[in-house]
Amino acid sequence: MRNKKCKGKKVPFPYIEIVNNDRGGVTPSNLYIVVNYNDYGKIRQEIVGVDCGLPQGRDAEKPGLGNRAEMLKENCYVLLTSHGHVDHTGGFVDLCEYRRKKGIDEDIKVYMTHGTMHYMPAIQNDNLKVRTTENSGKPPYSEGAVRRFLNCCIPLGYDEPVNVNDYIRFRFIENCHTMDSAMSFIEVMDNNDNPLINVLVTGDYKKENNLTKDAYFPDWIRHKPLYLVIESTYASESKASEVKKFRKDIVSFINKNKGNKYFNILIPAFSMETTEHILYELASMQAEGLIPTGVSIKLDGQLSESHLKKVLGNPKDFRLKDGIKILPDNLQLVSGIDRKLIINNRSEKQIVVASGGMMQGASQNYLVPWLKNKNTLIYAIGYKPEGTAGYRVANAKPGDLISLGDTNVLVQAQIEWTREFSRHSKQEELIEFILSFDDIRGLFIVHGEEESRNQFVKLVKNDPRFTNVKFVKNLNYKQRVIASKFKVEDIKENE
Ligand SMILES: [Zn+2]
């Protein structure tokens, strides 16, 4: 049955419930907006989901929503995608298969931007491969399940409204976390098409992106009364932490090894977009003479390679700046070379950008031999959840003994770590964004460590600048919030 009757509530119709099926951590992203409305006397419910990711690292051991999540999965027919990262999309196929096994015959519609659509098949096929390996060769679902899911995907442009039914409309808004990412703006309307409740879900949020044109944000949304669901990954970090550490470290390593016959720099990078940012940075450093022409630059990883080709082949869908030069000179693709020759290199100065930001995937091949090599710099990029190999490597220093799979490795290489490529908003940027709205009826903080969420709630509550925010809450999986046209009505424990 498509529209379930819901029990009588004192809250005036229409009202929404916001349910955040995260684990009280950074991953996964999985939000549901449950819309309850009065359709000429009939009380109906429609569920709009935003993202359905996979928990990463220790987050996977934390409990989710249990029974309530199952109800939401069964009754959700519209799913919006913020961007392709696995903590936002890694659970899509599971969700579709769950519904199929329950005998739900109406397909879910999964909307995403044209950019995200370009690489969704690659993401899901890679996700299946990685999870199968992690699960001792047993796949979580079949390749057919991935194909069935891909048939449910619908590409959509920015700022193109879609009516879910007569009462619910949504559109994607440009966001620069990735070249293809989108915020979701959802409107709940009355019988006369007047929007009564407005919800904006940022997903991972960043105002600018080195590679893309400036994002367009429709100004009229800023003047609407609004519920805002915002990420807080780096809510406790200041923008001042964004020094050009990567540049400095690479240059100083190159200078230190000037007299050597060879060196290796390994940069394990997330294949979807971080790789392009690293390549762009290396290309800029070459252009400025900071990387000598004798240093070769290589790219390893099927997913990185295919994503890069999609981006370069579809500059409009990825909103690329006109004339931007992403590729370093003489970039070599490892797919065309023998990887062993590169790993055992003793005659060349080389930088290898390899896929697997968490240090799985292609980068794994280099880790053990190169960690033991003192002519090597291993450069960790971005967030590493505790308990992962990436976290252990990123925190290691020469002389440490660390475990990787079944091997213990005595570290000799230099190791550096930066978050400067991660494209989440720092505290000042989140504040600026929140302050740009006239009337926030409810501000819900999601997608960040519990501590940083709570700190951010405190900050908004105590800072006198936030006269535009009527209510603020760390919205984790334990609670759901009920909100009407006017205000947050109720907060309930999830059963
Ligand atoms: Zn992301």
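Conventions we followed
Residues numbered from 1 in each chain as written. Predicted model: local features only at pLDDT ≥ 70, side-chain atom pairs only at ≥ 80, totals over all residues. Helix = DSSP H or I, 4+ residues; strand = E, 2+ residues; numbered from the N terminus. Buried ≥ 20, exposed ≤ 12 C-beta atoms within 10 Å, placed from the backbone. Pairing = 2+ DSSP bridges. Axes fitted to C-alpha atoms, helices over the stretch in contact; angles between N-to-C directions. Contact = placed C-beta atoms within 7 Å. Expected span 1.5 Å × (residues − 1). Bend = angle between axes of the 7 residues up to and from the residue. pLDDT = per-residue confidence, 0-100. Domains from an automatic or database assignment. Nonpolar A, V, L, I, M, F, W, Y, C, P; charged D, E, K, R; others polar. Arc of directions from axis to C-beta. Core = buried A, V, L, I, M, F, W, Y, C linked by C-beta atoms within 7 Å. Parallel < 35°, antiparallel > 145°, perpendicular 65-115°, else oblique. Left-handed = near helix turned anticlockwise from the far one by under 90°.

(A) The overall build of the protein, seen in detail. Along the protein, the regular secondary structure elements total 14 helices and 23 strands. When the backbone C-alpha atoms are referred to their principal axes, the protein occupies close to 80 × 50 × 40 Å. Looking at the protein as a whole, 44% of its 495 residues qualify as buried.

(B) How the structure looks around the sheet that holds strand S22 (residues 479–483). Across the sheet, 8 strands lie side by side as S6-S5-S4-S3-S2-S1-S22-S23; this open sheet has mixed pairing. The outermost strands of the open sheet, each flanked by one partner alone, are strand S6 (153–156) and strand S23 (488–493). The mean angle between the axes of side-by-side strands here comes to 20 degrees, regardless of whether they run parallel or antiparallel. Examined bridge by bridge, strand S4 (residues 76–80) and strand S5 (residues 109–113) share 3 bridges and lie parallel to one another. Looking across to S5, one finds that Leu79 is bridged to Val110. Its contacts with the sheet place helix H4 (residues 114–134) against S5 and S6, and it is angled at close to 115 degrees to S5.

(C) H4, seen in detail. Over its 21 residues, H4 extends 30 Å from the first C-alpha to the last, a length consistent with the 30 Å expected when each residue adds 1.5 Å. Along H4, the largest kink reaches about 45 degrees and is centred on Met120; proline Pro121 follows within four residues of it. Of the positions making up H4, those classed as buried are Gly115, Thr116, Met117, His118, Tyr119, Met120, Ile123, Gln124, Asp126 and Asn127. Residues of H4 that are buried in the fold lie against helix H2 (86–89), helix H3 (92–101), S5, helix H5 (143–150), S6 and helix H9 (302–313). Downstream of H4 by a residue or two, Ser136 has a phi angle that is positive, lying close to 50 degrees.

(D) Spotlight on the sheet that holds strand S20 (residues 439–446). Ordered in space as S7-S8-S9-S10-S11-S20-S21, the 7 strands form an open sheet in which the pairing is mixed. A strand with exactly one partner marks an edge of an open sheet, and here the two such strands are strand S7 (162–165) and strand S21 (472–474). Each strand of the sheet is rotated relative to its neighbour by a mean of 20 degrees, with strand direction disregarded. In this sheet, S20 lies alongside strand S11 (residues 225–231) in parallel orientation, the contact comprising 7 bridges. Along S20, the bridge assignment pairs Glu231 with Val446.

(E) The arrangement of the confidence of the model for the protein in detail. When pLDDT is averaged along the protein, the result is 92; 96% of the residues meet or exceed 70. Low pLDDT, under 50, characterises residues 1–6; the stretch is placed with 10 contacts to residues that sit more than four places away or in other chains.

(F) Representation of the domain arrangement of the protein within the structure. Along its sequence, the protein is carved into domain 1 (15–237 + 423–493) and domain 2 (243–417). Contact residues are listed per partner, giving 21 residues for domain 1 and 24 residues for domain 2. Across the side of domain 1 that touches domain 2, the residue classes break down as 6 nonpolar, 10 polar and 5 charged.

(G) Quick look at unusual backbone geometry. Of note, the bond from Phe13 into Pro14 is cis; its omega dihedral lies within 30 degrees of zero at -10 degrees. Within the fold, Pro14 resides in the segment before strand S1 (15–20). Backbone geometry places Arg319, a non-glycine residue, at a positive phi of 55 degrees. Structurally, the position occupied by Arg319 is in the loop between H9 and strand S14 (332–333). With 21 C-beta atoms packed within 10 Å, Arg319 lands in the buried category.

(H) Geometry of the pairing of strand S9 (residues 182–189). Most of S9 sits inside the fold, with 7 of its 8 residues counted as buried. One ladder, built from 7 bridges, connects strand S8 (residues 168–174) with S9; its direction is antiparallel. Bridge pairing links Ile168 to Val188 in S9. Taking the residues between adjacent antiparallel strands as the criterion, S9 and strand S10 (residues 195–201) are bridged by 5 residues, where Asp193 takes a positive phi near 70 degrees.

(I) Focus on the pairing of strand S17 (residues 401–404). Note: S17 against strand S18 (residues 407–410), 4 bridges, orientation antiparallel. Bridging from a neighbouring strand, Ser403 pairs with Asn408 of S18. The antiparallel pairing of S17 with S18 creates a hairpin that spans 2 residues between the two strands, and Gly405 there sits at a positive phi of about 60 degrees.

(J) Inspection of H3 at higher detail. Within H3, the full set of buried residues consists of Phe92, Val93, Leu95, Cys96 and Arg99. Along H3, the residues classed as buried sweep out an arc of 160 degrees about the axis, all on the same side. Gly103, located one to two residues past H3, shows a positive phi value of around 80 degrees.

(K) Looking closely at the nonpolar core. Ile16 and Val229 are the most contacted members of the largest nonpolar core, which has 114 residues in total. Top contributing element to this core by residue count: strand S2 (residues 31–39), with 6 residues. The residue makeup of this core includes at least three contributed by each of domain 1 (15–237 + 423–493) and domain 2 (243–417). Those residues within four positions of Val229 in sequence are excluded, and the remaining contacts are Ile18, Leu31, Val199, Val201, Thr202, Phe444 and Val446.

(L) Spotlight on the environment of Trp220. For Trp220, the location among the structural elements is in helix H6 (residues 219–222). For Trp220, a count of 7 C-beta atoms within 10 Å corresponds to the exposed category. Remark: the alpha-carbon pair of Trp220 and Arg465, spanning 245 residues in sequence, is separated by 21 Å.

(M) Here's a closer look at the packing of H4 against H5. At a closest axis distance of 10 Å, the pairing of H4 and H5 adopts a crossing angle of 155 degrees. One element, H4, and the other, H5, form an angle in the roughly antiparallel class. The handedness of the crossing between H4 and H5 is right-handed. Contact residues: H4 offers Met120, Pro121, Gln124, Asn125 and Leu128, while H5 offers Glu143, Val146, Phe149 and Leu150. The residue inventory of the contact of H4 with H5, partitioned by class, reads 6 nonpolar, 2 polar and 1 charged.

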